[in-house]
Amino acid sequence: MALLVDKHRPRNLESLSYHPELSDRLRALAQSGDFPHLLVYGPSGAGKKTRIVATLKELYGPGVEKIKIDARVFQTTTNRKLEFNIVASVYHLEITPSDVGNYDRVVIQDLLKEVAQTQQVDLSAKQRFKVVVINEADHLTRDAQAALRRTMEKYSPNLRLILVANSTSNIIAPIRSRTLLVRVAAPTEGEICDVLRVVGKKEGWRDVEGLNARIAKESGRNLRRALLMYEAVHAQNENLTENTPIPPPDWEALISQIAQQIVQERSPARLLQVRSELYDLLSHCIDPTTIIKTLTWKLIPKTPEEIQPEVVKWAAFYEHRCRLGSKVIFHLEAFVAKYMRVYESHLMGLDFD
Amino acid sequence: MADFFNIKARQAAAAQASSSKAPTTKQEPNRLQPWVEKYRPKTLSEVTAQDHTIQVLSRTLQSSNLPHMLFYGPPGTGKTSTILALAKQLYGPELMKSRVLELNASDERGISIVRAKVKDFARQQLSAAPSYNVMVEDKDAEGGVKQVKYRDKYPCPPFKIVVLDEADSMTQDAQSALRRTMETYSKMTRFCLVCNYVTRIIDPLASRCSKFRFKSLDQGSAVTRVEDIAKLEGVRLAPGVSEELVRIADGDLRKAITFLQSAARLVGNNKPAKGKKRKVVEDEEEEDDRMDVDSAPADSDVVTLKTVQDIAGVIPERTMDDLENAVLSSRNKKNIPYAAIANVVQEMIAEGWSAAQTVGQLFERIMFDERVNDVQKMKIVGYFSETDKRLVDGADEHLAILDLGLRISGVLCQG
Ligand SMILES: Nc1ncnc2c1ncn2[C@@H]1O[C@H](COP(=O)(O)OP(=O)(O)OP(=O)(O)O)[C@@H](O)[C@H]1O
Ligand SMILES: [Mg+2]
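Residues numbered from 1 in each chain as written. Chains lettered and ligands numbered in written order. Predicted model: local features only at pLDDT ≥ 70, side-chain atom pairs only at ≥ 80, totals over all residues. Heavy atoms only, no water.

As annotated in an unreviewed UniProt entry, chain B carries the name Replication factor C subunit 2 and is attributed to Westerdykella ornata. Per UniProt, chain B carries the Subcellular location (unreviewed entry) text "Nucleus". (UniProt positions renumbered as here; feature names shortened; annotations may be inferred.)

Per an unreviewed UniProt entry, the recorded name for chain A is Replication factor C subunit 5, and the organism is Westerdykella ornata. The record held by UniProt for chain A lists under Subcellular location (unreviewed entry) the comment "Nucleus".

As structure tokens, this is what we get:
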């Protein structure tokens, strides 16, 4: 059975429940015929993808919903074979080039050229151009981004790009200059409650207002998370009240536990124990940024006020290191060690460094 | 200018890129292109604000000789447009294809490719120019369309041009390989390198070229260009909007034009194809689209400053006030107001404001704020530098911005 998130996903611009001005803007662009390249950005779970799919539908009609998955093989200059999945309808394709890591340029070059050089097959198509949606565009290598530059101009009669990213900081200036930036803000807690109520009604679930509000708060304005939690709560409990506990995901529970342990005892022995738990998280594919961030947010309330800024300082420092370095575990562990040290020196009223 | 020929030239260029596909398809009507492409300068004289460069290049049109060239400058300042326009004016539609090779970062450009493709092209015999009495239509001529000699209109100088667009993404090795090639074939071939960062071009290569710097577009002429386009598209702008567009775009005309287009659509001016269904439009190819303002709806709403700022992702003053006040509230206090700053930052992240934009706008404010003294400012700049680097490296935005806010706040409470 489909998850709630997918089952009740709005399919067109009209049925998107929040940010009506943004929907209007997308509709105006889609109807105009001279649709520009877009760079859609915003926090995760804000509904970027849903909005894009709805925009595509506005552009092409229901045909875009008939998608199939193509497994393609690309060849690098060094003759390595790369497997790559493409989600495609007659009118558009969707790719996630960061799947192939540093080879993303090859894929982009080959694929976009191919698309640009073939005409729309469906002669009755509403648009002359095809749309290529590029997921995780902020993870594209510099090379791949450079490869997009002239392609976006040269092939614009046949090709439009929609880049999807969490942030624009990593997108090189020449690309930003070639796209229209579209910001998708996260829904407010109130808007999340509205969505939950509507979805609940469709499922025939009893509406517990207080519980919904708690879920919205817990979700950190992430609608996808809110829906997952909502579904979990309803699946696990018969009789819901305002105070029914909301089970956090496993990994989050583990990070809470780590935070607890760190604050309780700041010692080398504890550090060792925490390390194995960190390994555990990493081996379950929780990415290091999520680990450091979640850990920081869990630690802060347990930390004396005077040193909270110091904790953030080191969290930001080691998160950056995780990006640049190659052994993630070093930096995670270093952060934990640093925290213990800062905490100790605060208690003793002196600076170690 | 001669649009008919430009369309052909464009098809030719497209055909060259896609050698296998013949351009049998009908050209997409101009009006359905993004405006940046629709209003790409088609002749040198249409390129705005790069007066010096254009002056020098126009002279080469007459002298029919050309040095190797290196164009550099920030995005959207007209580099690619200029070289394409120059090539078109030199060769005209008939010769564009055989005399100009355009390679860019979207093509495979390792050493082997530069060797192979460039050498192949450089080595080819010069294609013959149309004989002296071939006639073409000149739509520019005073008093309407006139027949002129092809060779009078297009000088067709006896050399080929290799355009290496986005050359800064070429590897060092590939660039070195190019040195020899450039010299070997310099009798019949001119190279034009185009890039954003001139420092990424190796010295021996750069020193072989005449350098042309493309300035970030200044207010005056860029504003005029934006206003012209608005007029042609029938978009009404409130006072000050065109200046604001150029200011927000940071001297990048392409960005300014994209913003303009989006703003126009937003205020409901989305009827360019009104009454002219696609099928009809195809017959209109030969019509001068620049004169075609009749489709401008008379009742179109006005684009205001607010619309423009919304579209450009400028963070509203109110939000920035909140952030700055939270950060500065530590002045003359002992502690950093962690909770206050953390709340504002969390809110901003959820709203999706780009961190780069946040850093930029915060910098403007703090650095010109009289409540912060000079010594403090000197410390604070360092934090901005660090944050910018982190963001470019792909560090988490939430942590980076929060850290920046706390650190600035920390500097203030010491003082
Ligand atoms: N000087 C200019 N005069 C008129 N239009 C310009 C000028 N500069 C940029 N434009 C507009 O911006 C668009 C992009 O310009 P162009 O492709 O020449 O930029 P570029 O300098 O090559 O940028 P990049 O470094 O990103 O490749 C053009 O299609 C045109 O609409
Ligand atoms: Mg260019």
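Okay, back to it.
Let us look at the overall build of chain B. Scanning chain B from N- to C-terminus turns up 18 helices and nine strands. For chain B, the proportion of contacts with a sequence separation of at least 24, taken over those separated by at least 6, is 77%. Counting every atom, chain B has about 18,500 Å² of accessible surface; 51% of that belongs to carbon and sulfur. (Helix = DSSP H or I, 4+ residues; strand = E, 2+ residues; numbered from the N terminus. Contact = heavy atoms within 4.5 Å. Areas by Shrake-Rupley, 256 points an atom, 1.4 Å probe, with all protein chains shown as cover.)

Another aspect to go through is the sheet that holds strand β4 (residues 92–95) of chain A. Across a sheet, paired strands are connected by hydrogen bonds in the backbone, their directions being either parallel or antiparallel. All names here are of chain A. Taken together, the seven strands give an open sheet; going across it, the order is β2-β3-β4-β5-β6-β1-β7, and neighbouring strands pair in mixed fashion. The two strands at the open ends of the sheet, each matched to only one other strand, are β2 (68–75) and β7 (180–183). Ignoring which end each strand starts from, the neighbouring axes of this sheet average 25° apart. Judged from the eight bridges that link them, β2 and strand β3 (residues 81–88) form a sheet pairing that is antiparallel. (Pairing = 2+ DSSP bridges. Axes fitted to C-alpha atoms, helices over the stretch in contact; angles between N-to-C directions.)

This brings us to the packing of helix α7 (residues 189–203) of chain A against helix α8 (residues 209–218) of chain A. Helix-helix packing: each pair is described by the crossing angle between the helix axes and the interaxial distance. All names here are of chain A. Viewed as axis vectors pointing N to C, α7 and α8 meet at an angle of 125°, and their least axial separation amounts to 9 Å. Accordingly, the angle class assigned to the pair α7 and α8 is oblique. Handedness of the crossing formed by α7 with α8: right-handed. Here Glu189, Ile192, Cys193, Leu196 and Arg197 of α7 come into contact with α8, specifically with Asn212, Ala213, Ile215, Ala216 and Lys217. (Parallel < 35°, antiparallel > 145°, perpendicular 65-115°, else oblique. Left-handed = near helix turned anticlockwise from the far one by under 90°.)

With the rule as written, the count across this model stands at 39 salt bridges over all chains. For Glu386(B), the salt bridge is made with Arg390(B), and the minimal N-O distance between the two is 3.1 Å. You can see Glu386(B) and its partner Arg390(B) sitting in helix α17 (residues 374–392), four residues apart, about one turn around the helix. Each member of the salt-bridge network shares a partner with another, and the members are Arg149(A), Arg150(A), Glu153(A), Arg178(A), Glu37(B), Arg40(B), Glu102(B), Asp165(B), Glu166(B) and Arg254(B). (Salt bridge = Lys/Arg side-chain N within 4 Å of Asp/Glu carboxyl O.)

Let us now look at the domain arrangement of chain A. What the domain assignment reports for chain A is domain 1 (4–183), domain 2 (189–236) and domain 3 (250–347). Its C-alpha centre places domain 2 of chain A at a distance of 30 Å from the equivalent point of domain 3 of chain A. (Domains from an automatic or database assignment.)

Right, let's get into the nonpolar core. If you look at the biggest cluster of nonpolar residues, it comprises 66 residues, and the most contacted ones within it are Ile262(A), Leu278(A), Leu295(A) and Ile408(B). Here this core gets ten residues from one element, more than from any other, and that element is helix α18 (residues 397–414) of chain B. For Leu278(A), the residues in contact, after removing those within four places along its chain, are Ile258(A), Ile291(A), Ile329(A), Leu332(A), Glu333(A) and Val336(A). In terms of nonpolar packing, the next biggest core, distinct from the first, is built from 56 residues, Ala46(A), Val226(B), Leu245(B) and Val267(B) among them. (Core = buried A, V, L, I, M, F, W, Y, C linked by side-chain atoms within 4.5 Å. Buried < 20%, exposed > 50% of the residue type's maximum accessible area, 1.4 Å probe, protein only.)

All names here are of chain B. Looking at the assigned domains, one finds that chain B contains domain 1 (35–213), domain 2 (219–308) and domain 3 (316–414). Contact residues are listed per partner, giving 13 residues for domain 1 and 19 residues for domain 2. For the pair domain 1 and domain 2, the summed buried surface comes to about 1,500 Å²; carbon and sulfur atoms form 52% of the total. When residues of domain 1 are sorted by the area they lose upon contact with domain 2, Trp35, Val36 and Tyr39 head the list and together hold 53% of the total. For the interface between domain 1 and domain 2, the tally reads one salt bridge. Linking Lys38 and Glu233 is a salt bridge whose minimum nitrogen-to-oxygen distance equals 2.8 Å. Taken together, the connections running from domain 1 to domain 2 amount to five residue pairs in polar contact (both at pLDDT 80 or more). A class-by-class count of the residues in the side of domain 1 that touches domain 2 yields six nonpolar, three polar and four charged. (Buried area = accessible area lost by both parts, 1.4 Å probe. Polar contact = N/O pair within 3.5 Å; in protein donor to acceptor, adjacent residues only side chain to side chain. Nonpolar A, V, L, I, M, F, W, Y, C, P; charged D, E, K, R; others polar.)

Turning next to the packing of aromatic side chains. All names here are of chain B. Under the definition given, this model contains twelve aromatic pairs over all chains. Ring centres 5.0 Å apart and planes at 90° place the aromatic pair Phe363 and Phe384 in the edge-to-face group. Of the two residues, Phe363 sits in helix α16 (residues 355–367) while Phe384 sits in helix α17, which places them 21 residues apart along the sequence. Residue Phe363 is classed as partly exposed on the basis of its relative accessible area, which comes to 29%. Phe384 sits in the buried class, given a relative accessible area of 5%. (Phe/Tyr/Trp six-rings, centres within 6.5 Å; stacked < 30°, edge-to-face > 60°.)

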